[in-house]
Each structure stands twice: as structure tokens, then as C-alpha cells.
Amino acid sequence: MAFLAPWFLLLSGAALVPLLIHLLRRRIGVQVEFPAARYLARAERDHSRTLRLRNLLLMVLRVLAVVLIAMAAARPAAHVGGAGHAPTALAIVLDNSLSTAVVEGGTPLLDGLKQMVHDVLASATADDRVWLVTADGAVRGGSGPALLEELERLRALSGAGNLRDAVASAVALVEASGMDARQVVVLTDGQRSAWTEPAPIRSGLSVLVHAPDRSAPPNRAVALAEARPARWTPRGTIGIRVLGADSTSYRMALGERTVGRGTVAPNEEAVIRAAPVERGWTGGTIEIEPDELPADNIRHFALWIGPPPAVRAAPGAGSFARNAVEVLRASERVTDGGGPGIAVASADEAQRLPALLFPPADAVRIGAANRALERLGIPWRYGALRREAAVARGAQLDGVTVAARFLLVPHGVPVADTLARVGGDAWVVSGPGYVLVGSPAAPEMTSLPVSAAFLPWLTDVLTSRLHTEPGRVWHAAPGARVTRPSGADLLEGPAGGRTALSGASFDAPPTPGTYFYIQGARRVGALVVNPEIEESHLERWSADDLRRRVASGGVTVERDRDAWVRLAFQGASRRSLIVPLLLAALLLLGVEMAAATPSARVRQ
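Residues numbered from 1 in each chain as written. Predicted model: local features only at pLDDT ≥ 70, side-chain atom pairs only at ≥ 80, totals over all residues. Heavy atoms only, no water.

Caption draft 1: Representation of the overall build of the protein within the structure. The helix and strand tally for the protein stands at 11 helices and 35 strands. Here the protein, with 604 residues, has 45% of them falling under the buried criterion. Excluding contacts between residues fewer than 6 apart, the proportion of contacts in the protein whose partners are at least 24 apart in sequence is 69%. (Helix = DSSP H or I, 4+ residues; strand = E, 2+ residues; numbered from the N terminus. Buried < 20%, exposed > 50% of the residue type's maximum accessible area, 1.4 Å probe, protein only. Contact = heavy atoms within 4.5 Å.)

This is the structure:
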């Protein structure tokens, strides 16, 4: 038995009142014998046993009546037998994440879970309130027949979803229903990577879970497919890694054209070199042989392919920057920038954009540098020189030390990306046609020019941020929230269809693939959507571990399919006991009145 309002049980303390009255009514005093009263004394002794029993009965009846009323006020509910079930608020959480698409015994696991949901919905009545909550957080409510139609249309997601939030939503739905019989049921594959933290749940609400009692089949998956760099001029490499127990063959494609095949060892990164004929923004895939989970046997990537940018390094950029540009020119990543092209220079000698600009090594030239920035329309100025040892933080520049830097002061409200920070201050910023660094490219100012990150960072700046073809590659899981790049108006899908973009962010498409950002009439970047690699790890929790990770309390794990279906409405058999308790209290009060009436006549 459970009480929905247990605080009202404190009212049972009022049962002490009849007991106290009974004790106070006991006659205690000195007895004086009068001859005339001896007859009455003998009569009272003859009836004393009957009176004591009647008074004791009255006390018990009054105490029980008070206790029953207090229990009724606490809204008790208990499991009772009988056919059918009381009207119930039932929320069904169905795990339809990518991992449930695994084929076991010739049938996708999700199909078996859907059949169990079908059996439960078939037993729902018109008085029940039923919801179906899936791993992506979508809630479908309605009658049993309506939800059966929704169930038939349900498919496995392309990603992990969020099962903890799905359980929390289901709990909130049944708790807000106002019904006495409430139940949350969960069907899942019990994947370890999906169930890491339990959903909060109030005491008294039960959660019934089903998960397979067998181990997951072995799985192979493409864990990595990445173009390096993201912009090829025109050659580059693709980094790939495959999860599995043994070597497997792969196929690499750009668009619809196969550009490479081979064999890769398991769990080891391999590098594929290529010089494709395609130009511009292009999507590609790495695909392996299909297995029991086909959804993770392909992974998408994106890259830009075109001629190398023309780059000229001015004397004021420093010897380290000039030598790095020469290395890139020797490897054909950039070409000679004698004419129009990208300038790598000190800000005080900059004449045009696009440009990678460093502050002048001589602080006296900062005024000239700021005038050049104003002339070029760059909305930043160099501020005071700050000498203090610090460490930079940025995607490619993490760990670079900075001994001295000029503060970068925004002029107006610039539209720019902060590529690296030192402390709370911007150290490297990027905007249309420029990248501005806060320290000269000199070892006494910063370790950047002598670090291993300098050449890859310089390559990315020159080929991705300052090249005449703008854009970069973003990565997201299906359905994840994505920040919209500045200037992107449309999102072009793999099949060519376009979707208008608005607002600061949007939900990534639910289907994996390579999508392209469109500005005006040209592509300005790519969004690569791939499932979370954690979905490829199919290891499952034991029943005890799963019980602790689904919800914070009241969880029962039932491995047997038929038993789970029978127990799905176990909350329905927990019916309210308020009316029976009140009827019992009234019955006791009636008996008490009947027992008290003869007693009154005797006292008269």
C-alpha cells in the first residue's frame, strides 16, 4: 500500500482522545457502605463485567474510526486483484535510438520492441490516458488505436537521442495527469553509452523496464572520416578509423564517384592520399562492408578542392612567418603572391586585403598600424602592450605561451570570430578578409612561431579563412542544435533540395549526410551530419546496473517479454482505498452508536 498524501497520517494521533476519555471516566474514590445501598452494589457487581467490556468496545470502535478517517485523508492506494484495470495514466518510453536498429535473429531489435508496445496498447481502455515517448523526446498522446497508427510509422533514429530526458518527460506526464493509477514503462536495448545517469523520479511512482537478456552482436563501424585539411589545394589526405575485431575493406567516394578502395586494420587510424579532379565544395563518404548494424557502416565528410592561394610574406612579418610561407610554397599548398593575393605582413605595412596581420615588433609603430587598420576598414585597434606570461586557448592554439601582447580593442561592433584568447582577452580574431594577431611572430613574444601548431594553423588561416572562396566545415549529430554561420541563407541537402535558414541557430537535419551552406548563389561552407560514435558501442548493462541508471528509484527490470507485457499495467491495479476506508469508518461509528445506547439506559 502507498499513500499519496502521507502527511495526513498525522491525524491518526487524534485516536488518543477516545483512549484518554476512557481512562478519565474510570471511577476512583473511597467506597462507603450504606445498608440501603448494598442491594445496588450487588447489582452493579453483577453487571460490572458487561459494562467494562462495553466501554472497552466503545473505546476500540472510536479509535479505529479515527484511524480509518486519517488513512482515508492520506489517499491510500494498493494493488488489488481482479480482471481488467482501473483508469490509468501510462507513459511508454520506446528506445528507438540508432543502436536498436541492430539485427538479432534476422529481425531488427526495434521491431520486437514495437511489437511489445503494440500488445500493451491493445489492452488500453477508453478511460486510460496513454503517451508514447521516443528517444528524441517526441511525445505522442491519444487513444490506444491512434497510438497504434503512430507506432507503425515509427523508425529508428539516425543518432542517440536523449533517453534520460525521455524518461523525465514520461514521469512528468503521468505525475501531471491527476489520476491515481500511474505507470511509466520503458523498452530499450540497455546500451551502456545511452544509460549513464538516472532520471529524477518521485517516490511512489514505479518504472517498469524491459531490455534483452542476451549480449549484443559484434559490430563494425566507421569511427572517423576526416579531410585533412578541410581545403585541398588541390591535394590532401583523408583520415579514417574503423571499429571492429578484424580488418575490413573500405570504399572512398567523392560525390557518386569512387576514388579509392583498400583494407584497413581495426581500431587504427589510416591515412589515404588523393588528388581528385573535382573542384569547389564537395561531399564524400567512407563505407565498409555491411553487418548487423548497417546504419554506422558509412560516414560522411566534406572538403573544398581548388587551386592554392597566392601568398606574399612582407619583411615586417618576421623571419619565422616568411620561412613558414616558403615551406607551404615548396609543398604546393600556396603559390607565389607577387601579384594580387594574400598578404602576410606587419599591420603598419599592410596595403590591401585579404591579409594575415601581426603587430609591429617596435611599439613605436603601433600608431601607424592602427591608421592602416582604419584605412583597410578593419574594426579593431591595437591597445596597450601587456607583458605577462600566459597560455592561449583556441581550437588549434591551445597551450601556446604568450609573454607579451598588444590588447585587441574592438572599434564599434565588429562581426568577427575570436580564434584564440589569452585570459579573458581576444588574442587572434578573424573577420571578412583579415586575421589579426595580438603578438608579433617572434619567439620572445610568443611560442607560436616555434611551436608544432604554427604550420597547420598558418595553413588553415591562408587556405580556409583568407582564400577568395570562403567557408569552413561544421560537424553535428542528427537533430543537434547548430549555430547558423553569418551570411548563410540556405542549407542545401544531399539530393539538391534547399531549406531557408533564419535565426541564430537551427536543428541539424535528422538524416546523416553532407549539407552545404548557401549565400547568394554559391556554397560558403559545409555541415557534416554523422551519428554519435557512441551508438556503435553496443555493449549492454546487466539488469542490476540498468535498474540504477534508468531512474532514481522504483525501477523494476523484467527481461521476459510476456511477463513485461502482463506487468505493463501493474500501476493500474493499484486502486484508491479512500471510499472503502470511509465506508468502514461510517460502519464503525454506526456500531459505536448502537453499542453506546444501551449503556446510556443502564446509567439512567
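Caption draft 2: Structural view of the packing of aromatic side chains. Per the counting criterion, the structure on display carries four aromatic pairs. With centroids separated by 6.2 Å and ring planes inclined at 25°, the aromatic side chains of Phe-454 and Trp-457 adopt a geometry described as stacked. Pair noted here: Phe-454 and Trp-457 are both in helix α8 (residues 454-465), with a separation of three residues, about one helical turn. Of the residues examined, Phe-454 reaches a relative accessible area of 4% and is grouped as buried. Accessibility expressed as a relative area gives 3% for Trp-457, which makes it buried. Ring geometry for Trp-474 against Tyr-517: centres 5.3 Å apart, planes inclined by 85°, an arrangement best described as edge-to-face. Of the two residues, Trp-474 sits in strand β27 (residues 473-476) while Tyr-517 sits in strand β32 (residues 513-519), which places them 43 residues apart along the sequence. (Phe/Tyr/Trp six-rings, centres within 6.5 Å; stacked < 30°, edge-to-face > 60°.)

Caption draft 3: Representation of the nonpolar core in the model. In this structure, Val-344, Leu-356, Trp-427, Val-428, Trp-457 and Leu-462 are the most contacted members of the largest nonpolar core, which totals 31 residues. Contributing elements (two or more residues each) for this core: α6 (319-330), β20 (342-346), β21 (355-358), β22 (380-394), β24 (417-422), β25 (425-431), β26 (434-437) and α8. Beyond its immediate chain neighbours, meaning those up to four positions away, Leu-462 contacts Pro-309, Val-311, Leu-328, Val-334, Ile-342, Val-344 and His-467. Counting residues in hydrophobic clusters, the runner-up holds 28 residues, among them Ala-91, Met-179, Val-209 and Val-555. (Core = buried A, V, L, I, M, F, W, Y, C linked by side-chain atoms within 4.5 Å.)

Caption draft 4: Just the environment of Ser-502, in detail. In this fold, Ser-502 is placed in the loop between β30 (498-500) and β31 (505-507). Counting along the chain gives 12 residues from Ser-502 to Leu-490, while the straight-line C-alpha distance between them is 8.7 Å.

Caption draft 5: Main features of the pattern of salt bridges. One pass over the full model with this rule turns up 22 salt bridges. Among the ionic pairs, Arg-235 bridges to Glu-332, the shortest N-O distance being 3.1 Å. Pair noted here: Arg-235 is in the loop between β11 (231-232) and β12 (236-243) and Glu-332 is in the loop between α6 and β19 (335-336), with a separation of 97 residues, a long-range link. The class for Arg-235 is partly exposed, based on a relative accessible area of 41%. The shortest N-O distance in the salt bridge between Glu-278 and Arg-257 comes to 2.9 Å. Placement of Glu-278 in the loop between β15 (270-274) and β16 (280-288) and of Arg-257 in strand β14 (residues 257-264) is noted, with a sequence separation of 21 residues between them. Through salt bridges that share partners, Arg-386, Glu-388, Arg-405 and Asp-425 make up one connected network. (Salt bridge = Lys/Arg side-chain N within 4 Å of Asp/Glu carboxyl O.)

Caption draft 6: Spatial organisation of the side chain of Glu-278. Glu-278 gets classed as buried once you look at its relative accessible area, which sits at 18%. At 2.9 Å, the side chain of Glu-278 and the side chain of Arg-257 are in polar contact. (Polar contact = N/O pair within 3.5 Å; in protein donor to acceptor, adjacent residues only side chain to side chain.)

Caption draft 7: Structural context of the sheet that holds strand β10 (residues 221-228). Strands sit in the order β10-β12-β15 across an open sheet of three strands; the sheet is antiparallel. Two strands close off the open sheet at either side, each with one partner strand: β10 and β15. Neighbour to neighbour, the strand axes of the sheet diverge by 20° on average, direction disregarded. With seven bridges connecting them, β10 and β12 associate as antiparallel partners. Counterpart to Val-222 in the pairing with β12 is Val-242. (Pairing = 2+ DSSP bridges. Axes fitted to C-alpha atoms, helices over the stretch in contact; angles between N-to-C directions.)

Caption draft 8: Spatial organisation of the pairing of strand β13 (residues 248-254). Most of β13 is tucked away, with five of its seven residues classed as buried. Connecting the antiparallel pair β13 and β14 is a turn made up of two residues, with Gly-255 showing a positive phi of about 65°. Across five bridges, the pairing between β13 and β16 is antiparallel. Bridge pairing in β16 links Met-252 to Ile-286.

Caption draft 9: Broad picture of the side chain of Ser-439. Here Ser-439 is to be found in the loop between β26 and α8. Residue Ser-439 is classed as buried on the basis of its relative accessible area of 1%. Of the polar contacts made by the side chain of Ser-439, one reaches the backbone oxygen of Ala-404; its length is 2.7 Å. A polar contact of 2.9 Å, which involves the side chain of Ser-439, links it to the side chain of Trp-427.

Caption draft 10: Summary view of helix α5 (residues 163-175). Here α5 is 13 residues long and its end C-alpha atoms lie 18 Å apart, about the 18 Å a rise of 1.5 Å per residue gives. Those residues of α5 hidden inside the fold are in contact with β3 (88-94), β6 (129-134), β8 (181-187) and α9 (543-550). (Expected span 1.5 Å × (residues − 1).)

Caption draft 11: Main features of the packing of helix α3 (residues 109-122) against helix α4 (residues 144-153). For the pair α3 and α4, the least separation of the axes is 10 Å and the interaxial angle reads 170°. The angle between α3 and α4 places the two elements in the roughly antiparallel class. On the side of α3, the interface is formed by Lys-114, Val-117, His-118 and Leu-121, while α4 contributes Gly-144, Leu-147, Leu-148, Leu-151 and Glu-152. Taken together, the residues of the contact of α3 with α4 sort by class into five nonpolar, two polar and two charged. (Parallel < 35°, antiparallel > 145°, perpendicular 65-115°, else oblique. Nonpolar A, V, L, I, M, F, W, Y, C, P; charged D, E, K, R; others polar.)

Geometric descriptors of this kind do not, in isolation, establish any biological role.
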